[in-house]
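Analysis of the macromolecular model
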Amino acid sequence: MEKKNSSALLWIAATAVVMLLLPYLAVTFAKGDAGMAVCFLLFYALNPVYSVVAGIYAGKNSRQLWCLPVVTASLFLIGTWIFFDMGETAFVLYAGIYLILGMCAMLGSALIRKKCSAV
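Now for a look at the structure at hand. Chains are numbered independently. Their residues run from 1 in the order of the written sequence. For a predicted model such as this one, the threshold for reporting local features is a pLDDT of at least 70, and the threshold for listing and counting side-chain atom pairs is 80 or more; totals across whole chains, interfaces and linings nevertheless cover every residue. Only heavy atoms go into the side-chain values, all of them from the structure, while hydrogens and water stay out.

Helix and strand definitions follow DSSP, with helices as H or I runs of at least four residues and strands as E runs of at least two, each counted in order from the N terminus. On a plain count of helices and strands, the protein chain comes out with five helices and zero strands. Helices and strands in the protein chain line up, N terminus first, as α-α-α-α-α. By its C-alpha atoms, the protein chain is 55 × 25 × 25 Å across when sized along the principal axes. The buried label goes to any residue with under 20% of its type's maximum accessible area, the exposed label to any with over 50%, and the partly exposed label to all in between, with areas taken from a 1.4 Å probe on protein chains only. Split into buried and exposed, the 119 residues of the protein chain put 35% on the buried side. Sequence separation of 24 or more characterises 73% of the internal contacts of the protein chain that already satisfy a separation of 6 or more. Element-wise, carbon and sulfur atoms account for 75% of the exposed surface of the protein chain, whose accessible area totals about 7300 Å². Charge-centre separation for the protein chain: the mean point of 8 positive side chains lies 26 Å from the mean point of 4 negative side chains. In what follows, a contact means two residues having at least one pair of non-hydrogen atoms within 4.5 Å. Only the protein chains shown count as covering a residue, and every accessible area follows the Shrake-Rupley method with a 1.4 Å probe. As used throughout, the charge tally considers Lys and Arg to be positive and Asp and Glu to be negative, leaving His and the chain termini uncounted. Every charge is mapped onto a representative atom, which is NZ of Lys, CZ of Arg, CG of Asp or CD of Glu.

As structure tokens, this is what we get:
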């Protein structure tokens, strides 16, 4: 039980780095067109892939780790509102998509795990 809690905390810490620190670094160090390119990489490549990977991991024990996709989407929304534009509704749409990706990955992972263990 203790190992699962520590692994969940490790995932939440990694999520904080990806969803809070990377937007901060993008805003701070990448200016102009380079900043736009970095934001495209974050919003369309890194964040969706991270959401799916977190969902797959959460599917290993969905009863205890169901919060990982929710935390991922929530920290994304907080990070973008802090570092880009507070209250921007487009970021709510992105967070919703990341939540759906994470939940679908969690469900798929849990179903595959259940099916493989039944065989």
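So, about the packing of aromatic side chains. The pairing test for Phe, Tyr and Trp rings, Trp by its six-membered ring, is centres within 6.5 Å, and the orientation test on the planes gives stacked under 30 degrees, edge-to-face over 60, and tilted for anything in between. One pass over the structure, following the stated rule, counts 14 aromatic pairs. Ring geometry for tyrosine 24 versus phenylalanine 83: centroids 5.5 Å apart, planes at 55 degrees, classification tilted. Placement of the pair is tyrosine 24 in helix H1 (residues 2–29) and phenylalanine 83 in helix H4 (residues 67–83), with a sequence separation of 59 residues. Taking 5.8 Å as the distance between ring centres and 65 degrees as the angle between the ring planes, the aromatic pair formed by phenylalanine 43 and phenylalanine 91 counts as edge-to-face. Taken together, the positions of phenylalanine 43 in helix H2 (residues 32–58) and phenylalanine 91 in helix H5 (residues 89–118) put the pair 48 residues apart, joining distant regions of the chain. The exposure classification of phenylalanine 43 matches that of phenylalanine 91, with both residues buried.

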